[in-house]
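Single-letter residue listing:
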Amino acid sequence: MKLQIRLLGCVELCVDGQVVTPGAAKRRAVLAGLALEANRPVSLSRLADMVWPDVPPASAVANLRSHAAGLRRELGDRLLARPNAYELRLSPDELDVTEFHRLAGEGRALLATADPASAVGTLTAALAQWRGVSGDGLPRGTTLDNRWASLDEQRLQVFEELAEARLAAGEHGHLLPELRGHLAAHPLRERAWTQLMLALYRCGDVPAALTVYRDARATLDEQLGIEPGEELAALHRAMLDRAPELAYTPPPAPVTAATVPVAPPPAADAAGVAPRPSGLGGPAGWAVPRELPAGLVTFVGRGREAAEVVTALRGATPAAVVVTGAFGSGKTALAVRAAHVVAADFPDGQVFVDLGDRATVTPGEVLARVLRAIGVAPGDVPANTDERAGWYRSLVAGRRLLLVVDGVTRAAQVRPLLPAGPGPALVVVGQRRLGSLDGVRRVTLRPLAAPDARELLAALAGPERLAVDPAATGELVRLCAGSVLALRVAGTRLAARPGMSVDALVGQLADGRERLDLLDYEDLSVRASLSTVVAAVRADDEVAGRILALLGATPDALLQPERVARQLGISAARLHRTLDDLADAHLASRDEHGVHRLPALVREYAAELAGEPAHAAHPLTAWRGDPVAA
């Protein structure tokens with residue numbers, strides 16, 4: 001079955017090329033919410049908030065199950081039932097939002113190259129995904145509103161990026177009516193005012209360009225009470241000075257595929273490290289990416305681990321670090337923080353790639369993503385993975401490039417990226433230790449210590465809230481089991497509900513049946529994080545899933561491992577090998593008696609898996625994930 005879900009306009013569903021009617025607005029809202037969270041479970045409570053603008057009715061769960069049943073008639077086994085949740089399985093090319101993001105990212109990378117005009121086609125294709133206002137026709141006032149607003153904002157950004165590419169291509173005359181129409185609808189977009197001024201200037205109409213500046217200044221003052229920003233003001237000054245750099249310069253002739261993809265790196269210094277390339281983008285063909293996401297403001301603890309990563313990245317030898325730890329332990333936040341600390345040491349750029357804990361991502365796909373980030377045009381990326389690896393090593397040899405790859409599940413995904421000499425550095429973030437990677441430094445995150453956990457809660461909810469009931473705070477820390485993600489959700493829930501006491505939240509969390517429902521807030525979700533990690537483990541070893549289900553139903557089952565092996569129909573050696581793999585993924589641990597057990601929050605999730613099908617007679621059959629009748 002081939003699906004096509006369109007959300008960038010009126011919500012549409014196509015099945016095998018045929019448009020089908022998903023149903024009324026609320027059913028379409030369910031489809032939209034599941035599609036936006038594709039391949040991740042969406043709890044019934046989150047779905048209800050996506051469908052009803054106010055407090056969901058008492059019949060919300062029954063209605064949601066009815067909507068899911070209606071959608072399943074069209075979606076078939078793509079729509080899966082999870083414990084108190086649903087999950088829609090989609091390929092990236094089956095959702096227009098994903099395709100828009102992909103094309104926009106590729107276009108943005110092209111825009112940063114020595115030939116920004118090459119981005120015109122890709123950015124035009126990105127905007128072609130839009131057919132109107134995102135989520136048109138769905139209920140408003142729901143939690144989906146923020147998603148629609150974000151998408152609409154991204155559409156404006158891509159329009160302006162396309163305008164920048166078209167200016168580089170010399171299309172200033174054709175751009176004038178489109179920019180005027182854009183500003184008529186969005187008069188506070190300073191970047192568009194800048195582009196309109198430049199287009200008029202390059203058309204030879206300097207008075208009109210200066211008049212646009214006065215119009216922009218008056219609009220910003222009248223509606224916001226502010227002066228134009230530095231970019232707009234600097235352009236105005238440059239026009240008054242008739243600065244030569246404002247004139248249109250045709251792009252250089254493209255480099256043919258037969259030539260070397262970039263200029264040879266400059267001579268290395270005594271330490272074997274090349275100096276920074278001259279100019280903004282370095283030699284021809286080299287882009288300087290700045291892709292690190294923003295670091296967390298509320299970053300607590302982990303000082304020793306962060307220092308280990310920073311020390312490794314600043315070392316003289318080829319630097320490669322693997323940051324590993326349990327789900328929700330703050331691995332990504334630590335890696336990003338350390339990367340920002342050393343960013344100035346890597347002037348040739350910083351690339352950030354998120355594999356999303358997907359075992360299906362190939363090394364070739366990772367290499368292609370990195371090559372595009374450093375300036376290789378998408379059409380010039382070699383088809384062969386080995387050739388991509390060779391190009392990558394040639395391009396980064398001796399350059400101070402920092403690469404951070406998040407969500408890695410297999411060593412093979414990042415092996416071609418290991419630095420071959422001084423200059424580049426690699427940070428890998430994943431659940432597993434990736435023990436087969438040679439010559440890397442490993443930094444393992446343990447559960448957050450109780451004092452640090454209290455500090456994080458205080459930073460999120462306010463220290464005065466915790467001081468009122470220290471005992472309840474201690475219990476909240478215990479229930480979160482050292483998980484930074486769980487602590488963030490708990491602290492955010494308290495911050496969002498000033499009238500709720502810590503003791504009240506503890507009382508809700510104490511009920512294990514609802515703990516994972518409560519540890520879910522907007523895009524922060526313990527259950528979703530665990531689901532992704534467990535899916536990656538199951539992809540490598542189906543027995544691992546059966547063992548997790550067994551331990552979720554019977555936590556002490558492994559007190560008799562031989563009996564468990566017989567029950568599973570495997571050898572004792574196979575059982576222990578799988579248990580070691582679960583421990584490597586931080587989904588199990590060995591206690592002081594040598595018995596494998598599940599960490600607290602993993603156990604809660606495994607218990608849900610064990611009881612997923614309502615008709616299950618045995619926990620070992622509960623893992624199959626057959627849809628529950630809605």
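Just so it is clear, the model here is predicted, and its values are computed rather than measured.

K.L.:
Hey, could you go over the pairing of strand β5 (residues 79–82) for me, with residue numbers and the actual values?
P.N.:
Taken together, the 4 bridges between β5 and strand β6 (residues 85–88) define a ladder with antiparallel strand orientation. By the bridge assignment, Ala81 is partnered in β6 with Tyr86. Connecting the antiparallel pair β5 and β6 is a turn made up of 2 residues, with Asn84 showing a positive phi of about 55 degrees.

K.L.:
Give me the lowdown on the pattern of salt bridges, citing residues and values where you can.
P.N.:
When the charged atoms of two side chains with opposite charge come close together, those side chains can pair. Throughout the structure, instances matching the rule amount to 31 salt bridges. In this structure, Glu99 and Arg102 form a salt bridge, with 2.6 Å as the shortest nitrogen-oxygen distance. Linking Glu99 with Arg102, this pair stays in helix α4 (residues 96–111), spanning 3 residues, or about one helical turn. The exposure class of Glu99 is buried, given its relative accessible area of 19%. The residue Glu164 makes a salt bridge to Arg191 at a minimum N-O spacing of 2.4 Å. You can see Glu164 sitting in helix α6 (residues 144–168) and its partner Arg191 sitting in helix α8 (residues 190–202), a full 27 residues away along the chain. One network of salt bridges, with partners in common, ties together Glu37, Arg40, Arg46, Arg147 and Asp520.

K.L.:
Quick rundown of the packing of helix α5 (residues 120–127) against α6? Include the residues and the values.
P.N.:
Look at α5 against α6: their axes get within 9 Å of each other, and the N-to-C directions meet at 155 degrees. In terms of orientation, α5 and α6 fall into the roughly antiparallel class. The way α5 lies across α6 gives a crossing that is left-handed. Packed against α5, whose contacting residues are Val120, Leu123, Thr124, Ala126 and Leu127, the element α6 presents Arg155, Val158, Phe159, Glu161, Leu162, Ala165 and Arg166 at the interface.

K.L.:
For the sheet that holds β5, give the residues involved together with the corresponding values.
P.N.:
Taking strand neighbours across the sheet as the criterion, the 3 strands line up as β4-β6-β5 in an open arrangement whose pairing is antiparallel. In this open sheet, the two strands that pair with only one neighbour each are β4 (42–43) and β5. Two elements, β4 and β6, share 2 bridges in a ladder whose sense is antiparallel. Across the sheet, residue Ser43 finds its bridge partner in β6, namely Ala85. Set on the sheet, helix α1 (residues 25–36) makes contact with β4, β5 and β6; between it and β6 the angle comes to about 70 degrees.

K.L.:
Could you give an account of the nonpolar core, with specific residues and numbers?
P.N.:
Counting residues in each nonpolar core, the largest one holds 81 residues, and the members touching the most others are Ile5 and Leu7. The residues contacting Ile5, other than those within four sequence positions of it, are Glu12, Leu13, Leu31, Ala35, Leu88, Leu90, Glu94, Leu95 and Asp96. In terms of nonpolar packing, the next biggest core, distinct from the first, is built from 60 residues, Leu448, Leu509, Leu558 and Val595 among them.

K.L.:
Report on the packing of aromatic side chains, specifying residues and quantitative values.
P.N.:
Per the stated rule, a full pass over the model turns up 1 aromatic pair. Taken together, a centroid distance of 5.6 Å and an interplanar angle of 85 degrees make the contact between Phe100 and Trp130 edge-to-face. Of the two residues, Phe100 sits in helix α4 while Trp130 sits in the loop between α5 and α6, which places them 30 residues apart along the sequence. For the pair Phe100 and Trp130, a shared accessibility class is recorded, and that class is buried. Against the face of Phe346 rests Arg400, its NZ or CZ located 4.2 Å from the ring centre.

Here is what the cut-offs are and how they apply
- Residues numbered from 1 in each chain as written.
- Predicted model: local features only at pLDDT ≥ 70, side-chain atom pairs only at ≥ 80, totals over all residues.
- Heavy atoms only, no water.
- Pairing = 2+ DSSP bridges.
- Helix = DSSP H or I, 4+ residues; strand = E, 2+ residues; numbered from the N terminus.
- Salt bridge = Lys/Arg side-chain N within 4 Å of Asp/Glu carboxyl O.
- Buried < 20%, exposed > 50% of the residue type's maximum accessible area, 1.4 Å probe, protein only.
- Axes fitted to C-alpha atoms, helices over the stretch in contact; angles between N-to-C directions.
- Parallel < 35°, antiparallel > 145°, perpendicular 65-115°, else oblique.
- Left-handed = near helix turned anticlockwise from the far one by under 90°.
- Contact = heavy atoms within 4.5 Å.
- Core = buried A, V, L, I, M, F, W, Y, C linked by side-chain atoms within 4.5 Å.
- Phe/Tyr/Trp six-rings, centres within 6.5 Å; stacked < 30°, edge-to-face > 60°.
- Lys NZ or Arg CZ within 6 Å of the ring centre and 35° of its normal.

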